[in-house]
Amino acid sequence: MENEERFRTPDLLAAHGVRRAINVILQGEGAPYGVLEVDSRSAGEFSERDIAFLQGAANILGMAIERQRQEQALNMALEHQQVLLQEINHRVKNSLQLVAGMLRLQAGDDPHLGQRLQEASSRIMAIGRAHDRLYRSPQVQRIEMSGYLSDICEDLKQVTPNCDILFDASAQVFVNTDRAINLALVVTELVTNAARHAYPNGTRGPIRVRLGRVDGNVARISVRDEGLGLGPDFEVTKGHGFGMRLVKALAQQTHGQFRIERHPRGTEFILDIPINA
C-alpha cells in the first residue's frame with residue numbers, strides 16, 4: 001500500500017499500520033452483495049493463491065447470504081398463506097353460523113318443519129365448528145376430536161332440550177379434517193335421532209357420547225341413550241330414515257365399523273375408526 005498511487009489509503013488502515021490489502025467481490029444472485037477484504041500489517045504482496053482462497057470464501061458467504069434471504073422470503077410467503085387460510089376459515093365459519101341462524105328463524109310455527117330445519121341447522125353448525133377449530137389451530141390437516149366433539153355436544157343441547165347430553169373422552173384422537181367433519185356429522189345424527197325416538201313425547205333422559213381408543217390405531221365413538229330401545233326387527237343396514245342413511249354413508253367414508261348394541265335400558269351406537277386410514 002505504501003507504493004499504491006491509484007487509491008488513497010483510508011485513514012483507519014493507516015492508523016492501524018496496515019501495509020497490504022486484498023479485496024474480492026462478494027457475489028449475490030444477480031447483483032453483488034459487497035466486497036470481502038483482508039488486511040495485513042506485514043510487508044509483502046498477496047499471491048494468486050491468496051486471491052483464489054479468498055474468492056472461494058467469498059463465494060461460500062455469498063451462497064449463505066442468498067440462502068438466508070430465500071428462507072426469509074419463503075417464511076414470509078408461508079406466514080401470508082397461513083393468515084389467508086385462517087381468514088378464509090373464519091369467514092366460512094361465520095357464514096355457516098349465519099345460515100344456521102336463518103334456518104332456525106324460518107322454523108316458524110310448523111312443528112314438523114321446525115324439527116327438520118333444526119336438524120339441518122345442527123349439521124351446518126357441526127361443519128362450522130370444524131372451521132372454527134381450523135381458524136384457531138396452527139395446523140389445518142388434522143383436528144383433535146375430543147375438543148371438537150365436546151363443542152358439538154354443547155351445540156346439540158340447544159336443539160335437544162329434553163335430553164341431558166353428556167360427553168366423555170378418555171384419550172386425544174387426531175384425524176384428518178375431512179374425516180373429523182364426517183365423524184361430527186355422525187354424532188350429530190345419532191344424538192338427534194336418540195332425542196327424537198328414545199325419548200318421545202317430551203320425556204327426558206341422558207344421551208352419553210364417548211370417545212376413546214380401542215388400541216393404538218383404532219378409535220371408538222359411541223352414542224348411548226337409556227330410552228325405549230330399538231325394535232327387535234331393526235337393522236342398521238336396512239334403516240330407511242334420512243338420518244340413518246346419512247349415518248351409514250358417513251361411516252363408510254370414515255372406513256369405520258358401525259354397529260348397535262341393545263341394553264336393558266336403551267341403545268348404544270358404536271363406530272370404530274382406523275385413526276391413520
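For the structure, check the block above.
Here's what I pulled together on the structure shown here. Along each chain, the written sequence defines residue order, and numbers are assigned to residues from 1. Owing to the predicted nature of the model, reporting of local features is limited to residues with pLDDT of at least 70; listing and counting of side-chain atom pairs is limited to 80 or more, with chain, interface and lining totals taken over all residues. The side-chain values count all of the structure's non-hydrogen atoms but skip hydrogen atoms and water molecules.

## A look at the overall build of the protein
Formally: A helix here means a DSSP run of H or I that spans at least four residues, while a strand means a run of E at least two residues long, and both kinds are numbered starting from the N terminus. Buried, partly exposed and exposed residues are distinguished by accessible area as a fraction of the type maximum, computed with a 1.4 Å probe on protein chains only: under 20%, between the cut-offs, and over 50%, respectively. The contact rule is simple, with two residues in contact once any of their heavy atoms fall within 4.5 Å. Method for areas: the Shrake-Rupley scheme with a 1.4 Å probe, in which residue coverage is limited to the protein chains shown.
Assigned secondary structure in the protein consists of 6 helices and 9 strands. The burial tally for the protein puts 37% of its 277 residues in the buried class. Intrachain contacts of the protein at a sequence separation of at least 6 include 63% that bridge at least 24 residues. Per element, the accessible surface of the protein, about 16700 Å² overall, is 53% carbon and sulfur.

## Remarks on the pairing of strand S9 (residues 267–274)
Quick reminder of the rule: At least two bridges found by DSSP between two strands is the condition for calling them paired.
Burial analysis of S9 places 7 of its 8 residues in the buried class, which makes it a mostly covered element. As paired strands, strand S7 (residues 218–225) and S9 are joined by 7 bridges and run antiparallel to one another. The residue of S9 that forms the bridge with Val-218 is Pro-274. Of the strand pairs in this sheet, strand S8 (residues 257–262) and S9 are connected by 6 bridges, and their pairing is antiparallel. Bridge pairing in S9 links Arg-259 to Ile-270. Linkage of S8 to S9, two consecutive antiparallel strands, is achieved through a turn of 4 residues, within which Gly-266 is found at a positive phi near 95°.

## Quick notes on helix H4 (residues 145–156)
Just so we agree on the cut-off: In a helix, the anticipated span is given by 1.5 Å times the number of residues less one.
Compared with an ideal rise of 1.5 Å per residue, which puts 12 residues at 16 Å, H4 spans 16 Å between its outermost C-alpha atoms and is within 8% of the ideal. The element H4 is largely enclosed, with a buried count of 10 among its 12 residues. Within the span of H4, buried status applies to Met-145, Ser-146, Gly-147, Tyr-148, Leu-149, Asp-151, Ile-152, Cys-153, Asp-155 and Leu-156.

## Structural notes on empty space enclosed by the protein
Stated formally: Points on a 1 Å grid, built from protein atoms alone, make a cavity when a 1.4 Å probe fits but cannot get out and make a pocket when they are open with protein on both sides within 12 Å along at least 5 of 7 lines; residues with an atom within 4 Å of a point are the lining residues. Grid points are joined across faces, edges and corners, and a volume is the space filled by probe spheres set on the points.
Under the counting rule described, the total for this entry stands at 1 cavity of 30 Å³ or more. One number sums up the size of the largest cavity: a volume of about 30 Å³. Taken together, Leu-183, Val-186, Val-187, Leu-190, Ile-221, Val-223, Phe-269 and Leu-271 make up the lining of the largest cavity. Residue assignment for the lining of the largest cavity shows that the elements contributing at least two residues are helix H5 (177–197), S7 and S9.

## Focus on the layout of surface pockets
In this structure, the largest pocket encloses a volume near 590 Å³. Forming the boundary of the largest pocket are 19 residues, of which Met-1, Glu-4, Arg-19, Arg-20 and Ala-21 lie nearest the centre. With 3 residues, strand S1 (residues 20–26) is the largest single contributor of residues to the lining of the largest pocket.

## Digging into the nonpolar core
We count it as follows: Throughout, nonpolar core names a set of buried Ala, Val, Leu, Ile, Met, Phe, Trp, Tyr and Cys residues whose side chains join them through atoms within 4.5 Å.
Residues Met-145, Tyr-148, Val-191, Ile-207 and Phe-258 are the most contacted members of the largest nonpolar core, which totals 43 residues. The biggest single contributor to this core is H5, with 11 residues. Leaving out residues up to four positions away in the same chain, Met-145 has contacts with Val-173, Val-175, Ala-180, Leu-183 and Leu-211. Core analysis: the next-biggest nonpolar cluster, separate from the first, contains 5 residues, Ile-22, Val-24, Leu-26 and Leu-54 among them.

## Quick word on the packing of aromatic side chains
Going by this rule: What counts as a ring pair is set by centres within 6.5 Å for rings of Phe, Tyr and Trp (its six-membered ring), and what kind of pair is set by the plane angle: stacked under 30 degrees, edge-to-face over 60, tilted for all other angles. When the NZ atom of lysine or the CZ atom of arginine is within 6 Å of a ring's centre and also within 35 degrees of its normal, the charge is said to sit over that ring.
Evaluated as defined, the whole model comprises 1 aromatic pair. Between the aromatic rings of Phe-258 and Phe-269, the centroid separation amounts to 6.2 Å while the plane-to-plane angle is 15°, which identifies the pairing as stacked. Of the two residues, Phe-258 is situated in strand S8 and Phe-269 in strand S9; the sequence distance between them amounts to 11 residues. Taking the relative accessible area as the measure of exposure, Phe-269 reaches 9% and is therefore buried. Lying across the ring of Phe-46, Arg-20 places its NZ or CZ 4.6 Å from the centre.

## Quick word on the sheet that holds strand S6 (residues 205–215)
As a reminder of what qualifies: In this analysis an axis means a line fitted to C-alpha atoms, helices contributing only their contacting stretch, and an angle means the value between N-to-C directions, from 0 to 180 degrees.
Reading across from one edge, S4-S6-S7-S9-S8 is the order of the 5 strands in this open sheet, with mixed pairing throughout. Whereas interior strands pair on both sides, the edge strands pair on one side only; in this sheet they are strand S4 (163–169) and S8. Ignoring which end each strand starts from, the neighbouring axes of this sheet average 15° apart. Pairing between S6 and S7: 8 bridges, direction antiparallel. Paired with Gly-212 across the strands is Arg-220, a residue of S7. H4 contacts S4, S6 and S7 of the sheet and is inclined by roughly 175° relative to S4. Sitting on the sheet, H5 touches S4, S6, S7, S8 and S9, and the angle it makes with S9 is about 175°.

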